Amino acid sequence: MAAMALVPSYSPSLWVRVCHALPRLDLTMVMRDNSFIPDSWEYQQTLLVLSSLSAVALVISLLVVLSFLIHYCCCHRGDRSEGSEEEEEDEDAITDHGYSGRKGRGICCVTWVAVASVTLCCVAIGVGFYGNSEANDGMYQLTSSLLTANYTLASIDLLIADTISGLQVSISGPLSSMEELFAGSKPFLTSTRNCRRLSDNVINLLSSISMARSSGGLANDSASIGAPIAALTPAPPSVAPTISPGGGIMPSPFSPGWAANTLMVNEDYRWLSYVLLLLLDLIVCLFILLGLAKQARWLLILMTVLAWLALFLSWGSLGLETASVVALSDFCTDPNTFVLNSTHFNSGTSSDVLDYYLTCSRRMNTPFQQPLTQSQRALSNIHTHLSSLDRNALPQFPKAEKSLREVQQILNSTEGNFHQLVALLNCRGLNKDYIDSLKGLCYDGMEGLLYLSLYSFLSALAFTAILCSLPGAWRSFPSDSEDYEDSDSESEDPFTSHQARRQTTAGSQRGALPPFYNYPGASWTPPFSSAPPLPTPNVSSNGNPGYESLPLTDRQSPPPSYSPSMLTGYGGSSQSHPNSSHSRNLYSR
């Protein structure tokens, strides 16, 4: 924490401190330190113990679902055995929906529990999408900062390589020609040799501060002597290629470009995996609602299988997220200590250089102060010697003008690269990239993982409740035999509703009620006395059945309705056709 206090613009968030304060137990249930040491087996045991909590929760969920399934199976058998005894009570309490009072309330409760569980799952899916986006934003900021840092380091290496190559070209070319021309003049020869010696000193000093990071052998190229090299301009991070070592093995020394590429590939797979998991949960929830609305048993059976799969995936993802959150909180609490003590980062770079760029304190001097100061002095001395030769040697040796101008041009380019190098070696640029990467990882990344953990927990609870309630919802669906009986009864009498048929059946079991018009001492008469009496013939001679005086309620057809115009027309027709056989033919049609 002492090292962390020196880092400006960053402090561990509240969630980082809370997760870091969680107790750590290894597999032997012994308390362990919460320092971030990923290579330690003891630290890995603490993460395994925390991840195993989700496995315990999965076992509890399976036991709860199994107990509900057993309960529904036993209750269903009990309802079948007691159905004949309670049939009369259920028929007295028939509701408008066609269910009995106690059974209807139970079915309604189970259905609403399933709907509430699906709603909770949809809320969890929304939380998951937000958390996945936040985690992706944090990783994008981390990889962008690493690429920017890699661009800065590559720029430093390219500037050093360009400066060293230019000085080597000047030593092997123009300065050697000037020594040959000034062989007869000792003062001019001494100045030329001093320029060569100072150039060698600058090459050695710049080679000592080279920060090559597996960038294609810039350090080896800087030590070679060859043809003149043009000024090198590093590419920006968005287009600069980063050479990754084969086999996916971390290079030594550490390369930010390799880390950025590896993280981007892994993040793409992680983001896609969570999107597929969220879509699976969403599809299951939507089709469960559709199955409940349509009362489709086959659809609910298929969604139950997918719900089991989603339940296992939710608890499994929660275990991974728990371990990731705890490990990330340990790192974000004191990242400097891990970076300084890690052999991967410390290999090839001194701890003083790492501490300078990680803390960037104003009270600290750059570790490259001495070589940069000596290089600046050497370049100034070279410039002084070349100015002296330009004033004194050129009038006597005009053939040396071309070589002298080439050396001066290389020196000007070297001084320009040197000023850029001094600016890039300042800690503010790399420290800003370091702070941005910490904020992306420890702020947005940590928040995204917490939201994903909440999503996994809520979705696991929701699917547990769904698996417990779906068997009860199945019992509310009408069976195929009931649908067949209802369809038969409807084909017999299309004018009678399903509820009326049930009530008629219940009434027939209690006892037949007398007809509405069949009371003692009364005979049926037409509703209007002006209409002629209906004939009631018996069986005719040709075998055709006649009509009997039966109440309309016993003929299983609705009573006819007459309008005044129909009755008037009927009266006129009866007067014009008094023959009784004509009326019989009229009614027989």
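Note: the structure precedes this text.
A quick note: this is a predicted structure, and the numbers were derived from the prediction, not measured.

### Details of the pattern of salt bridges
Here's step 1: The final tally for this structure, using the stated rule, is seven salt bridges.
Here's step 2: The salt bridge involving R405 is made with E401; its shortest N-O contact spans 3.8 Å. Of this pair, R405 and E401 both sit in helix α14 (residues 401-424), four residues apart, which is roughly one turn of that helix.
Here's step 3: On the basis of relative accessible area, R405 is assigned to the partly exposed category, the value being 35%.
Here's step 4: Accessibility expressed as a relative area gives 38% for E401, which makes it partly exposed.

### Some words on the side chain of S170
Here's step 1: Position of S170 among the secondary structure elements: in helix α4 (residues 101-172).
Here's step 2: The exposure class of S170 is buried, given its relative accessible area of 4%.

### Quick look at the nonpolar core
Here's step 1: Counting residues in hydrophobic clusters, the biggest one holds 41 residues, and the most contacted among them are F182, L206, I209, Y357, L421 and L425.
Here's step 2: When contributions to this core are tallied by element, the ones reaching two or more residues are α4, α5 (174-181), α6 (186-208), α12 (351-359), α13 (369-392), α14 and α15 (427-474).
Here's step 3: The leading source of residues in this core is α4, at eight residues.
Here's step 4: Apart from residues no more than four positions distant in its own chain, I209 is found in contact with I160, F368, P371, L372, L421 and L425.

### Looking at α13
Here's step 1: Spanning 24 residues, α13 covers 35 Å between terminal C-alpha atoms, matching the ideal 34 Å at 1.5 Å per step.
Here's step 2: Along α13, the residues classified as buried are P371, L372, S375, A378, L379, I382, L386 and L389.
Here's step 3: Check the buried side of α13 and you find it contacts α5, α6 and α14.

### Regarding the packing of α6 against α13
Here's step 1: Interhelical geometry of α6 versus α13 gives an angle of 160° and a closest axis separation of 9 Å. By the angle between their axes, α6 is roughly antiparallel relative to α13. Seen along the crossing, α6 lies across α13 with a hand that is left-handed. Contact residues: α6 offers F188, S191, T192, N194, C195, L198, S199, V202, L205, L206 and S208, while α13 offers P371, Q374, S375, A378, L379, N381, I382, H385, L386, L389 and N392.

### Quick look at empty space enclosed by the protein
Here's step 1: A full pass over the atoms with the stated rule returns one cavity of 30 Å³ or more.
Here's step 2: Looking at the largest cavity, its volume works out to about 60 Å³.
Here's step 3: What lines the largest cavity is simply L167, S170, L175, C195, S199, I382, L386, V407, I410 and L411.
Here's step 4: Those elements giving two or more residues to the lining of the largest cavity turn out to be α4, α6, α13 and α14.

### Examining a nonpolar patch on the surface
Here's step 1: Together, F129, W271, L272, L276 and L279 make up an exposed nonpolar region whose accessible area comes to about 450 Å².
Here's step 2: Examining the composition of the nonpolar patch, we find that four residues originate from one element, helix α8 (residues 256-294), more than from any other.
Here's step 3: Here L272 lies in helix α8.
Here's step 4: On the accessibility criterion, L272 (42% relative accessible area) is partly exposed.

### A word on unusual backbone geometry
Here's step 1: The backbone of M29 shows a phi angle near 60°, a positive value even though the residue is not glycine.
Here's step 2: At C360, a position not held by glycine, the phi torsion is positive, near 50°.
Here's step 3: Position of C360 relative to the elements: it lies in the loop between α12 and α13.

### What to know about α12
Here's step 1: The complete set of buried residues in α12 reads V353, L354, Y356, Y357, L358 and T359.
Here's step 2: Phi turns positive one or two residues past the end of α12, at C360, with a value near 50°.

### Digging into the state of the cysteines
Here's step 1: Evaluation of the coordinates by the stated rule reveals two disulfides.
Here's step 2: A disulfide bridge connects C332 with C442, and the sulfur atoms are separated by 1.9 Å. Residues C332 and C442 are joined by a disulfide whose S-S torsion is about -85°; by sign, that bridge is left-handed. Of the two residues, C332 sits in helix α9 (residues 297-333) while C442 sits in helix α15, which places them 110 residues apart along the sequence. With respect to class, C332 is no different from C442; both count as buried.
Here's step 3: Residue C360 pairs covalently with C427 via a disulfide, S to S 2.1 Å. Taking the sign of the torsion about the S-S bond as the criterion, the disulfide between C360 and C427, at about 65°, is right-handed. With a gap of 67 residues between them, C360 in the loop between α12 and α13 and C427 in helix α15 connect regions that are remote in the sequence. The burial state of C360 is the same as that of C427; both residues are buried.

### Remarks on the environment of L302
Here's step 1: Mapped onto the elements, L302 comes out in helix α9.
Here's step 2: In this structure, the C-alpha to C-alpha distance between L302 and V284, residues 18 residues apart in sequence, is 9.2 Å.

### Quick notes on the environment of L354
Here's step 1: Mapped onto the fold, L354 is located in helix α12.
Here's step 2: Residue class for L354 comes out buried when judged on its relative accessible area of 15%.
Here's step 3: Between the C-alpha atom of L354 and that of N336, which follows or precedes it by 18 residues, the distance is 9.1 Å.

### Some thoughts on the packing of aromatic side chains
Each aromatic ring pair is described using two quantities: the centre-to-centre distance and the angle formed by the ring planes.
Here's step 1: On inspection of all chains with the given rule, the structure shows 11 aromatic pairs.
Here's step 2: Aromatic pair F36 and Y43: ring centres 5.9 Å apart, planes at 85°, arrangement edge-to-face.
Here's step 3: When the centroid spacing of 5.0 Å and the interplanar angle of 70° are considered together, the rings of F36 and F338 count as edge-to-face. Remark: F338 occurs in helix α10 (residues 335-341) and F36 occurs in the loop between α2 (14-20) and α3 (41-92); sequence separation between them is 302 residues.
Here's step 4: Feature note: the residues F36, Y43, F331 and F338 constitute an aromatic cluster, connected by ring pairs.

Conventions adopted
- Residues numbered from 1 in each chain as written.
- Predicted model: local features only at pLDDT ≥ 70, side-chain atom pairs only at ≥ 80, totals over all residues.
- Heavy atoms only, no water.
- Salt bridge = Lys/Arg side-chain N within 4 Å of Asp/Glu carboxyl O.
- Helix = DSSP H or I, 4+ residues; strand = E, 2+ residues; numbered from the N terminus.
- Buried < 20%, exposed > 50% of the residue type's maximum accessible area, 1.4 Å probe, protein only.
- Core = buried A, V, L, I, M, F, W, Y, C linked by side-chain atoms within 4.5 Å.
- Contact = heavy atoms within 4.5 Å.
- Expected span 1.5 Å × (residues − 1).
- Axes fitted to C-alpha atoms, helices over the stretch in contact; angles between N-to-C directions.
- Parallel < 35°, antiparallel > 145°, perpendicular 65-115°, else oblique.
- Left-handed = near helix turned anticlockwise from the far one by under 90°.
- 1 Å grid on protein atoms, 1.4 Å probe; cavity = no way out; pocket = protein on both sides within 12 Å on 5 of 7 lines; lining within 4 Å.
- Points joined across faces, edges and corners; volume = space filled by probe spheres on them.
- Patch = residues over 30% accessible without salt bridge, like charges linked within 9 Å, V, L, I, M, F, W, Y side chains within 5 Å.
- Areas by Shrake-Rupley, 256 points an atom, 1.4 Å probe, with all protein chains shown as cover.
- Disulfide = S-S within 2.5 Å.
- Phe/Tyr/Trp six-rings, centres within 6.5 Å; stacked < 30°, edge-to-face > 60°.

Treat this as a map of the structure, not an account of what it does.
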